[in-house]
Amino acid sequence: MALIECRQLTKTYRKGESTIKPLDRLDLDVEQGSFLALMGPSGSGKTTLLNLIAGIDHPTSGSLTIDGQNIAKLSRSKLAAWRSDNVGYVFQLYNLVPVLTAYENVELPMLLHPISRKERHERVATALSLVGLADRHDHYPRQLSGGQEQRVAIARAIVTDPAILVADEPTGDLDKPSALAVMDLLTRLNQELGKTLIMVTHDAQTAEYANRTLHLDKGRLADDSVQAAFSGETATTQGAAS
Amino acid sequence: MISLRYWPFVLKQVWRHRVRTLLTVAGVATAMYLFVAIQAMQRGVAEATEASAADTTLVVYREDRFCPFTSRLPEYYLPQIERIDGVTSAVPVRVVVNNCRASLDVVTFRGVPDERFADTIGRDANITSGTLEGWQRRSDAALLGETLAARRGLKVGDQFDAAGITAYVAGIITSDQPQDQNVAYVHLDYLQQQTDKKLGTVTQFNVKVDDPAKLEQVAAEIDALFDAAEQPTTTRSEKAFVAQVAGDMIELIGFTRYLGWGCLIAVLALVGNAIVLSVQDRIKEHAILQTLGYSGALIGRLIVTEAVVLGVLGGLVGAAGALATIRLTRVSFSVDGLSIPIDADLHLLATGLLIAVTLGVLAGLVPAIQAARRPIATCFRAV
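Residues numbered from 1 in each chain as written. Chains lettered and ligands numbered in written order. Predicted model: local features only at pLDDT ≥ 70, side-chain atom pairs only at ≥ 80, totals over all residues. Heavy atoms only, no water.

Re the overall build of chain B
Looking only at helices and strands, one finds 14 helices and 14 strands in chain B. Scaling as 2.2 N^0.38, a compact globule of 383 residues should have a C-alpha radius of gyration of about 21 Å, whereas chain B reaches 28 Å, well beyond that. Taking the principal axes of the C-alpha coordinates as reference, chain B spans close to 90 × 45 × 30 Å. Split into buried and exposed, the 383 residues of chain B put 56% on the buried side. Residue pairs at least 24 apart in sequence account for 80% of intrachain contacts in chain B once pairs closer than 6 positions are excluded. Of the accessible surface of chain B, which amounts to about 16600 Å², a share of 58% is contributed by carbon and sulfur atoms. One finds the centroid of the 35 positive side-chain charges in chain B at a distance of 16 Å from the centroid of its 38 negative side-chain charges. (Helix = DSSP H or I, 4+ residues; strand = E, 2+ residues; numbered from the N terminus. Rg over C-alpha atoms; globule rule 2.2 N^0.38 Å. Buried < 20%, exposed > 50% of the residue type's maximum accessible area, 1.4 Å probe, protein only. Contact = heavy atoms within 4.5 Å. Areas by Shrake-Rupley, 256 points an atom, 1.4 Å probe, with all protein chains shown as cover. Lys, Arg positive; Asp, Glu negative; His and termini not counted. Charge placed at Lys NZ, Arg CZ, Asp CG, Glu CD.)

A word on the sheet that holds strand β5 (residues 69-70) of chain A
Residues and elements named next belong to chain A. The strand order across the open sheet built from four strands is β2-β1-β4-β5, with neighbouring strands paired in antiparallel fashion. The outermost strands of the open sheet, each flanked by one partner alone, are β2 (18-30) and β5. Pairing geometry for strand β4 (residues 61-66) and β5, over two bridges, is antiparallel. Within the sheet, the bridge partner assigned to Thr65 lies in β5 and is Asn70. Of the strands in this sheet, β1 (4-15), β2 and β4 touch helix α1 (residues 46-54), which is tilted by about 120° from β1. (Pairing = 2+ DSSP bridges. Axes fitted to C-alpha atoms, helices over the stretch in contact; angles between N-to-C directions.)

Comments concerning the interface of chain B and chain A
Facing 26 residues of chain B, the contacting portion of chain A comprises 26 residues. Summing both sides of the interface, chain B and chain A together bury roughly 2200 Å²; the carbon and sulfur share of this comes to 61%. Counting the surface chain B buries against chain A, the share from its top three residues, Arg5, Arg16 and Leu292 of chain B, is 28%. Inspection of the region where chain B meets chain A yields two salt bridges. The salt bridge partner of Lys12 of chain B is Glu104 of chain A, with a shortest N-O separation of 3.2 Å. Linking chain B to chain A there are 13 residue pairs in polar contact (both at pLDDT 80 or more). Contributing elements (two or more residues each) for the side of chain B that touches chain A: α1 (7-16), α11 (283-292), α13 (346-373) and α14 (376-382) of chain B. When residues in the side of chain B that touches chain A are grouped by element, the largest group, seven residues, is from α11 of chain B. Within the side of chain B that touches chain A, the residues separate by chemical class into 12 nonpolar, six polar and eight charged. (Buried area = accessible area lost by both parts, 1.4 Å probe. Salt bridge = Lys/Arg side-chain N within 4 Å of Asp/Glu carboxyl O. Polar contact = N/O pair within 3.5 Å; in protein donor to acceptor, adjacent residues only side chain to side chain. Nonpolar A, V, L, I, M, F, W, Y, C, P; charged D, E, K, R; others polar.)

Let's talk about the nonpolar core
Formed by 67 residues in total, the largest nonpolar core has its most connected members in Leu108 of chain A together with Tyr6, Tyr294, Leu302 and Ile340 of chain B. Counting residues per element, this core draws most heavily on helix α12 (residues 296-329) of chain B, at 13 residues. Those residues in contact with Ile340 of chain B, other than ones at most four positions away along the chain, are Gly44, Val45, Ala48, Ala246, Met249, Ile250, Ile253, Ser332 and Phe333 of chain B. (Core = buried A, V, L, I, M, F, W, Y, C linked by side-chain atoms within 4.5 Å.)

Notes on the side chain of Ser44 of chain A
Residues and elements named next belong to chain A. Structurally, the position occupied by Ser44 is in the loop between β3 (35-39) and α1. Overall, Ser44 belongs to the buried group, its relative accessible area being 1%. Looking at Ser44, its side chain comes within polar contact range of the main-chain oxygen of Pro41, at 2.7 Å. Setting aside residues no more than four positions away along its own chain, Ser44 makes contact with Pro22, Leu216, Asp217, Lys218 and Gly219.

Some points on the pairing of strand β3 (residues 87-97) of chain B
Here is the key point about a regular strand: its side chains alternate between the two faces of the sheet. Residue and element names in this part refer to chain B. Here β3 lies mainly inside the structure; 10 of its 11 residues are buried. Examined bridge by bridge, β3 and strand β11 (residues 204-209) share six bridges and lie antiparallel to one another. Within β11, the position partnered with Ala90 by the bridge is Val207. Direction of pairing for β3 relative to strand β4 (residues 108-112): antiparallel, over a ladder of four bridges. Looking across to β4, one finds that Val96 is bridged to Phe109.

Brief notes about the layout of surface pockets
The computed volume of the largest pocket comes to approximately 860 Å³. In terms of lining, the largest pocket is formed by 30 residues, of which the most central are Thr47, Asn51 and Asp168 of chain A together with Phe380 and Arg381 of chain B. Looking at the lining of the largest pocket, the elements with two or more residues in it are β1, β2 and α1 of chain A together with α14 of chain B. Considering each element in turn, the lining of the largest pocket owes the most residues, four residues, to α1 of chain A. Among the residues forming the lining of the largest pocket, the class breakdown is 11 nonpolar, 10 polar and nine charged. (1 Å grid on protein atoms, 1.4 Å probe; cavity = no way out; pocket = protein on both sides within 12 Å on 5 of 7 lines; lining within 4 Å. Points joined across faces, edges and corners; volume = space filled by probe spheres on them.)

Points about the side chain of Thr201 of chain B
Within the fold, Thr201 of chain B resides in strand β10 (residues 201-202). In this structure, Thr201 of chain B is in contact with Arg72, Leu73, Glu75, Arg94, Gln192 and Asp196 of chain B, ignoring residues within four places of it in sequence.

What about the packing of helix α10 (residues 247-281) of chain B against α12 of chain B?
All names here are of chain B. Look at α10 against α12: their axes get within 10 Å of each other, and the N-to-C directions meet at 140°. Classified by the angle their axes make, α10 and α12 are oblique. Our pair here, α10 against α12, has a crossing hand that is right-handed. Across the interface between the two elements, Val271, Ile275, Ser278 and Val279 of α10 pack against Ile303, Glu306, Ala307, Leu310 and Gly311 of α12. When the residues that make up the contact of α10 with α12 are grouped by side-chain class, the tally is six nonpolar, two polar and one charged. (Parallel < 35°, antiparallel > 145°, perpendicular 65-115°, else oblique. Left-handed = near helix turned anticlockwise from the far one by under 90°.)

Shown next as structure tokens:
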């Protein structure tokens, strides 16, 4: 059974008089431990799909089952608790809290878990070490480079050890060396820690890190390519959904 | 409320937005300072004028007179008053004030006969410095209320002048009676000679009654006794007397209660404004927290807690400042020689803090509910 199963997943918004449908009856399976890249033009529904999988938005219709649980039916409070346990989110613009240090930012999701202060400290320190920023723990976001901020954001996303990592254009605001470092880190998290990674990107080179790339267009699946990791071999299934 | 592990996060938000915190706390502190000062005045009025079941003192004054300069009664009324059934003691008192108008620094001289001093002061009054014998030995000796002594920095052995009278400080008294706070008790004959150059005239008689229930009856009998005399009297309980003589001042102080309410509204508006602006500034931050798994309800509680912290900080600074000022300056309103003390204690400080907490909750509630209900995706689209 796939870790993530979308069935007839639809999302519509009201915008003034008109109705916008960023996702239209999408069917999709994502296996545990896979690295999925979502591509497509602006407005194709990539971020909407990412947000639905991350549990920060509700679908209008259809089902979204993750690890056997249909999260489309969860209440807002239960969905928040589910996010806390299962998902780490990496934003394009890092979205660190500016008045908190790197350590305190990474600690934020851990506050939701009733564990001892010592254990919390250990896990935050481990997460910061994993992203190579143990020595910057007391720096504020304004004292860090863009690449370092994004690595703090990744530490924050993984500190609770979630099964799923979602990343919305994680290298979109970075220079090339920083982008490479961030992608290497995300790939390690996927390959070494077995995190299921779903990433929105506009950049084909960045998408090559993934072992599967989905192209969305007008809320529907336009192309589904499965790559042998880093080999350049690609198998494409037009309109397929698994 | 929130779990203890979230408190550091809230306190960091307060501490690291220093300008906002400082401005809000300063505003709240100013309003709470005024509120506590006004409450202290209101309480002073209540203490000075509200009758209690234990009141047993009557004041006999010249009819249709409201000022110690114009109330003149012959001292020979004394034995007639003492003969009335229910009267346990009567003390002729000559009152001289250095300032007959409303003032914050009034010295009220009360001339009383040596042998009747014990009947004059309140039951709980004590001489804390100096002795009664020391007062009795010197004709110009005075026993000062502790508020007056503290305000003027007087101690036993000092001499002071007021209203053209020079007196020697023979002792300091403490008393729970408001009218004993700004008073200088001197010998009756000394005061009569200093002011009138003759004996035999007093301002009032302070009459003790054996049963509080008899106050009205005894007052009526005294007034009936002198109804046809050259100097007719009006007799009231001491607190009713204060309430009437200082009526204008009390009305003015009563009006300040509306200023007090205004202060509370100002606190509500200040904290509310700070929190609303803060929440608007941090829409994205709250969306991030929700993305991390914070529920809307938890975010709402964090916001309310922050508002309470701001309110309590401001309330503590303002209320403690007011308490310290009142305690240090020991001011009291006086009119026609009667004192309305401004008194604040820890109970008033606690009341101020409780109000600050309540206002903090109220001020944070609406923005907290708005933030709690805002969907994450909408927050990210809004910034």
